[in-house]
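# A closer look at the structure
So the chains spell out like this:
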Amino acid sequence: MGKSSKDKRDLYYRKAKEEGWRARSAFKLLQLNEQFELFKGVKRVVDLCAAPGSWSQVLSREIFKDENNSDAKIVAVDLQPMSPIDHVTTLQADITHPKTLEKILDIFEGGKADFVCSDGAPDVTGLHDLDEYIQAQLILSALQLATCVLKEGGAFVAKIFRGRDIDLLYSQLGLLFDKVICAKPRSSRGTSLESFIVCLGYKPRAGWNPKLNPNLSTEEFFQEMKIGRPELHDDLSFDAEERKVAPFIACGDLATSYDSDATYTLEKDLQRTSLDPVQMPTAPPYKKALELKRKGELKIIK
Ligand code: SAM
């Protein structure tokens with residue numbers, strides 16, 4: 001948003017700039033942590049789909065404020081490049097690629113993670129069914145990676161959009177974690193289907209040693225551990241898994257937190273003070289166009 005245009009975004013957008021967070025999403029993780037104490041005793045964290053990095057900023061600040069955590073490790077992964085953040089190792093990589101898991105495990109020197117989070121959102125194509133499918137695949141990829149890197153008892157948090165088949169995901173998660181809750185932080189717009197699945201107490205399935213295999217689709221990966229697939233027996237009977245509904249919790253102080261659908265009000269003297277971005281974009285899509293324009297080489301094709 002240019003400085004001359006009216007800044008009518010919501011209160012969390014403004015507050016993020018005031019407090020130095022790279023994105024308003026920081027408040028979502030802060031509010032989820034307030035509710036579920038996600039960072040308690042946590043030393044190794046993987047932040048998936050992390051750019052521009054506000055969740056990593058939160059993780060870095062909250063985990064390293066405890067002096068006993070000076071040896072903690074945070075790995076942030078995104079397709080986009082990220083500007084450095086204190087105590088965070090950034091990887092420009094695709095979370096759906098098996099090599100990414102290898103790199104994370106190298107950074108952890110073989111140790112397992114206490115917490116994996118994913119705020120992933122693919123670029124939308126505008127084709128609704130395709131967008132829904134890609135989003136579902138991204139969540140499965142994050143979960144797949146989490147099952148390979150999480151230690152027993154660890155936690156997983158991922159952004160979801162409560163669509164048609166979400167109860168299937170709840171059932172799958174229920175087989176892998178002690179508790180599965182669907183949480184909506186106050187800072188997540190009430191008008192959006194966005195929520196966060198909070199999975200506590202990872203319990204790896206007995207006898208199953210999850211490994212990423214580039215030749216297996218995410219469906220095949222989870223099928224191997226017989227999750228969410230009805231089994232057909234010789235007598236043609238099914239033992240289909242019961243679909244579950246995860247409890248839904250709204251979090252963040254509901255009495256005093258801002259309403260995320262409200263734009264912030266004008267200051268008393270009706271003047272708006274424009275705030276600079278906390279972090280300038282690293283690789284904005286318009287960068288190449290600007291370079292070409294400067295050189296006089298930008299052609300507009302009609
Ligand atoms: N949590 C971030 C923060 O607080 O700054 C915001 C994340 S943003 C909503 C979603 C991110 O998902 C984008 O930066 C996008 O590049 C990333 N993403 C989408 N698909 C990905 C993939 N396959 N691998 C890695 N990152 C991906």
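The shown structure was predicted, so the numbers you read here are calculated from the model rather than taken from an experiment.

### Let's talk about the packing of aromatic side chains
Summed over all chains, the structure comprises six aromatic pairs. With centroids separated by 5.4 Å and ring planes inclined at 55°, the aromatic side chains of Tyr-12 and Phe-27 adopt a geometry described as tilted. Here Tyr-12, found in helix α1 (residues 11-19), pairs with Phe-27, found in helix α2 (residues 26-36); they are 15 residues apart in sequence, far enough to count as distant. Between the aromatic rings of Phe-177 and Tyr-202, the centroid separation amounts to 5.4 Å while the plane-to-plane angle is 45°, which identifies the pairing as tilted. With Phe-177 in strand β6 (residues 177-185) and Tyr-202 in strand β7 (residues 194-202), this residue pair connects regions lying 25 residues apart in the sequence. With respect to burial, Phe-177 and Tyr-202 carry one shared label: buried.

### With respect to a nonpolar patch on the surface
On the surface, Leu-127, Leu-130 and Tyr-133 cluster together to form a nonpolar patch covering roughly 310 Å² of accessible area. Mapped onto the fold, Leu-127 is located in the loop between β4 (113-118) and α5 (128-149). Overall, Leu-127 belongs to the exposed group, its relative accessible area being 53%.

### Quick word on the pattern of salt bridges
A complete count under the given rule lists 13 salt bridges for this structure. The partner of Lys-159 in a salt bridge is Asp-119, with the nearest N and O atoms 3.0 Å apart. Placement of the pair is Lys-159 in strand β5 (residues 150-161) and Asp-119 in the loop between β4 and α5, with a sequence separation of 40 residues. An identical accessibility class is assigned to Lys-159 and Asp-119; each is buried.

### Quick look at the pairing of β6
When you tally the buried positions in β6, you get seven out of nine residues, the bulk of the element. Pairing between β6 and β7: six bridges, direction antiparallel. When the bridges of β7 are listed, Val-180 appears paired with Cys-199. Where β6 meets strand β8 (residues 248-251), four bridges bridge the pair, whose relative direction is parallel. Considered in β8, the bridge of Ala-183 is made with Ile-249.

### Quick word on the UniProt feature "binding site: S-adenosyl-L-methionine" (unreviewed entry) in the protein chain
Feature annotation in UniProt assigns "binding site: S-adenosyl-L-methionine" (unreviewed entry) to the following positions: Gly-53, Trp-55, Asp-78, Asp-94 and Asp-119. Among the structural elements, Asp-78 can be located in strand β2 (residues 73-78). The contacts of Asp-78, once residues within four sequence positions are left out, are Cys-49, Ala-50, Ala-51, Leu-91, Gln-92 and Ala-93. Within the structure, Asp-78 has its side chain in polar contact with the backbone nitrogen of Ala-50 (distance 3.0 Å). If we ignore the near neighbours within four places in the chain, the residues touching Asp-94 are Leu-79 and Thr-100.

What counts, and where the lines are drawn
- Residues numbered from 1 in each chain as written.
- Predicted model: local features only at pLDDT ≥ 70, side-chain atom pairs only at ≥ 80, totals over all residues.
- Heavy atoms only, no water.
- Phe/Tyr/Trp six-rings, centres within 6.5 Å; stacked < 30°, edge-to-face > 60°.
- Helix = DSSP H or I, 4+ residues; strand = E, 2+ residues; numbered from the N terminus.
- Buried < 20%, exposed > 50% of the residue type's maximum accessible area, 1.4 Å probe, protein only.
- Patch = residues over 30% accessible without salt bridge, like charges linked within 9 Å, V, L, I, M, F, W, Y side chains within 5 Å.
- Areas by Shrake-Rupley, 256 points an atom, 1.4 Å probe, with all protein chains shown as cover.
- Salt bridge = Lys/Arg side-chain N within 4 Å of Asp/Glu carboxyl O.
- Pairing = 2+ DSSP bridges.
- UniProt positions renumbered as here; feature names shortened; annotations may be inferred.
- Contact = heavy atoms within 4.5 Å.
- Polar contact = N/O pair within 3.5 Å; in protein donor to acceptor, adjacent residues only side chain to side chain.

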